[in-house]
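Analysis of the macromolecular model
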Amino acid sequence: MEKISPRLGRRIIAPTAALMATSLVVLLGLMAINAGTEDETARRQSINTVEQTLQLRETQVGRVAKDYAWWNDTVRYLHLEIDPDWADLNFAGYIFETHNYQYTLVVDGSDQTTYAAFEGERAETAELPSITGGLEHLIVAARRASELEPDYQTGLVLVGGEVAVAAASAITPEETGDFVLPPGPRSVLVFVKLLDAAMLGDIAERFRLTGMHIADIADDDAVASLPLTTVDGAEVGRLAWQPHRPGRQFIRSIAPSLVLALVVIGGFSGVVIRQAGQAAQAFEDSQARFRDVADASSDWIWETDQTLHLAFVSERVAEIIGIPASSMTGRPLDQLFHQGDSEIQWAHYSRALAERLPFRNILAVCDDADGVRHSLRIAGKPVVDPAGAFQGFRGTATDITRELEAERRAQFLSRHDALTGLPNRNMLGERLDETIAQVARRREMAAVLCVDLDRFKDVNDTLGHGAGDALIRQVAERLEACLRETDTLARVGGDEFVVIQTAVQDVAAVELLARRILSVVEMPFDIGVERVLVTASIGIAMLPGDGSISGRLLQNADIALDRAKSEGRSTFRFFERDMDARLQARKALERDLRLALVRQELELFYQPKIDLKRGRIGGVEALVRWNHPERGMVSPAEFIGVAEETGLIVELGAWVLRRACTDIRAHGDIELAVNLSPVQLKRGGIAEMVADTIAETGFDPARLELEITESVMIEGAEAAIAELRHVKDMGARIAMDDFGTGYSSLSYLNRFPFDKIKIDRSFVMDLGKRGNGAAIVKAVVGIGESLGMTICAEGVETIEQRHFLEQAGCHEAQGYYFARPMPLAQLTGFLAEHATGLAPA
């Protein structure tokens, strides 16, 4: 190659190298500016979002405080008089369990705290941490705000140094109340919700933020923060977090290409300095390298001439839109980029082109060869020669199609159910708040219907979760077809939907919709090759009669749903006030039962079992009794069901077994029978419990008999059989209680070697009457003898029944004829009195 003179090198090589270096700096500058702007925009957006979310949380606490303060019962029991027990039942536990408000306070007119609760339990004021930051101002403002109509005041306070949201509302009677309030300031109801890790974590997860915490000052300029100011105006810290940084991610993604570009330019400069004679070839090489870097970049690089026709487009364009870069050269720039969603941005872009000004962060679109539209973020700046004459534009374009689609998808999923596309619980809350406001404004009615599929779990268990998902989608389609455009259908759980029916004329319209829903759900569903039949239960709450806040309405509809399910399913029920009262009563019973286990209010009674062949007492059955300090003796029919539903039956059953073994251990060789609940066997661990009790009490396992009902076997046969075999291996015996009341007793007698069969009292009561009682008793005795099992009859109340059982060959009997259940002290005397046997019949 012919060498070029040093003078030519100075005139051509140096300016060319300078031009390329300048272009690289411009490109890097544009990218850095673009990245910084993106990061700053994301930071400001996160600050606005977090600030609005905190304000919404304050409003939610305030609305709940107002709803409970504007209640006649609150006036009666927390203002006119102070009833802590009522407050415990209706506020402390319920508010903490439902809303997770850690503190509940009632402040009287003299600003003295008359009631306080912490995390659902009543607390003494002196035991609570001090609340500073202007709570007293909040209380005064709440009284003032409620002078004309019920209202609330909210703000931030400090609870023992922790930042918290506080809401205060003056206790005010409802319009229907006929109270005569004493003169002076009203009592104020205060709820306090800590800004704890759980609450901050929920906010951070919802908006894809990281590291959210409360700090004295912001960590650094790059961290987003929001000042936290208490009611009295003091700044007590800053809520800091790490926002999403799209600009930084962009820079990291192109860093390898930039490094490569710097290496190439550096190498080129070295060649220029060392080999000035090969300046022309070096210039061509540098052009090739520039294009290689452009093509390797994830962004497009484009250039225009003075007339805004494309002079260069990187090969990356061909990969994205399927049009060769060479075919784009010479086309007008506006054939590549078209207006995006923002008219304002596009006007700014058009003005920048006309006035030859730089531009960046312009949203544009581009159609590929198949007509598919891509979203772009473009930036550019004018290029001038050394004399300052305009030569064209040079810029970049970033394909952000997937990024925007991901953002739209994330926004959609934040308010919609992923499986059905229906509104989720978040959007349901918004729609319900809008409906509440509309009902109040237009003075019309609306309804909230909680729809739950009956026995949906059976579909999942038998056909798999894929079939369950398909069923949910088909149910959603049918429910949508039942509604008007103004109604709302949301999915809030696995098989639970909520309908908001607006502009309701009367209750009959709600009933009509409920019956339509039940009808369409009852029709068969085709899931693959299977035909599935399900039903639904519906609970209904009416607006405005059943509540004025969304949480209360949904709760009341759910209470009505529970009633519908308990009354046979496949039906609907409207919420009634006494439903809530019954629910509260059940919760009170549950709470008292938990305390009863701690306070040792439970005791055991024992009913003797008689060996009919020897005429002697052969054993006793342990029966639990509850002597409530206020209610007196509570029937097991009331509290055993509650214990099973809440899981307390596991603890209760272990206590009964341990106490019974301790009581009966010293009473000779009589047998001890203890009942097992189906819930205990479902939970597992029965064998371990029996082994631990035997080891702890020293009770002979050969004297122990565990009674189960056949429902245990029906609902979980294999697991139950395995547990019971372990118990038999220890030496204990197993009896089937209430034999004959189910439909599969004989089947399970064949599958598991029971030691004893207990004939249900219903058959014993039929003895001597018209019916099949006698035949059934004889048949059961025959089955027992053929299988080598002991037969025991329950509920013996007459001498005639005893005679029949003895003649039929029954081995044991128990009932009021022989002895009623009795406490241990009375049992001891009974055993001593009849040590030689019972009087013959």
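Residues numbered from 1 in each chain as written. Predicted model: local features only at pLDDT ≥ 70, side-chain atom pairs only at ≥ 80, totals over all residues. Heavy atoms only, no water.

**Examining the packing of aromatic side chains**
All chains considered together, the criterion is met by 16 aromatic pairs. What links up through ring pairs into an aromatic cluster is the set Tyr-68, Trp-71, Tyr-77, Trp-86, Tyr-94, Tyr-101 and Phe-191. Across the ring face of Phe-525, the terminal group of Arg-478 is positioned such that the distance to the ring centre comes to 3.6 Å. Note that Arg-625 overlies the ring of Phe-605, its terminal NZ or CZ placed 5.8 Å from the centroid. (Phe/Tyr/Trp six-rings, centres within 6.5 Å; stacked < 30°, edge-to-face > 60°. Lys NZ or Arg CZ within 6 Å of the ring centre and 35° of its normal.)

**Focus: the packing of helix 18 (residues 636-646) against helix 19 (residues 648-664)**
Running from amino to carboxyl end, helix 18 crosses helix 19 at an angle of 120°, the nearest separation of the two axes being 5 Å. From helix 18, Phe-639, Ile-640, Ala-643, Glu-644 and Thr-646 reach across to helix 19, where they touch Leu-648, Ile-649 and Leu-652. (Axes fitted to C-alpha atoms, helices over the stretch in contact; angles between N-to-C directions. Helix = DSSP H or I, 4+ residues; strand = E, 2+ residues; numbered from the N terminus. Contact = heavy atoms within 4.5 Å.)

**Quick look at the pattern of salt bridges**
Under the counting rule described, the total for this entry stands at 33 salt bridges. We note a salt bridge from Asp-73 to Arg-76, for which the minimum N-O separation is 2.9 Å. Of this pair, Asp-73 and Arg-76 both sit in helix 2 (residues 72-80), 3 residues apart, which is roughly one turn of that helix. Judged by relative accessible area, Arg-76 falls into the partly exposed class, the value being 31%. Linking Asp-367 and Arg-373 is a salt bridge whose minimum nitrogen-to-oxygen distance equals 2.9 Å. Connected through shared salt-bridge partners, Lys-609, Glu-671, Glu-705, Arg-733, Lys-756 and Glu-812 make up one network. (Salt bridge = Lys/Arg side-chain N within 4 Å of Asp/Glu carboxyl O. Buried < 20%, exposed > 50% of the residue type's maximum accessible area, 1.4 Å probe, protein only.)

**A few points about the nonpolar core**
When a protein is soluble and globular, its nonpolar side chains tend to lie buried together. Ranked by internal contacts, the top residues of the largest apolar core, which has 75 residues, are Leu-652 and Leu-672. With 10 residues, helix 19 is the single largest residue contributor to this core. Apart from the residues within four sequence positions on either side, Leu-652 is in contact with Leu-597, Leu-602, Val-624, Phe-639, Ile-640 and Ala-643. Counting residues in each nonpolar core, the second largest holds 40 residues, with Ile-47, Leu-54, Ile-95 and Met-199 among its members. (Core = buried A, V, L, I, M, F, W, Y, C linked by side-chain atoms within 4.5 Å.)

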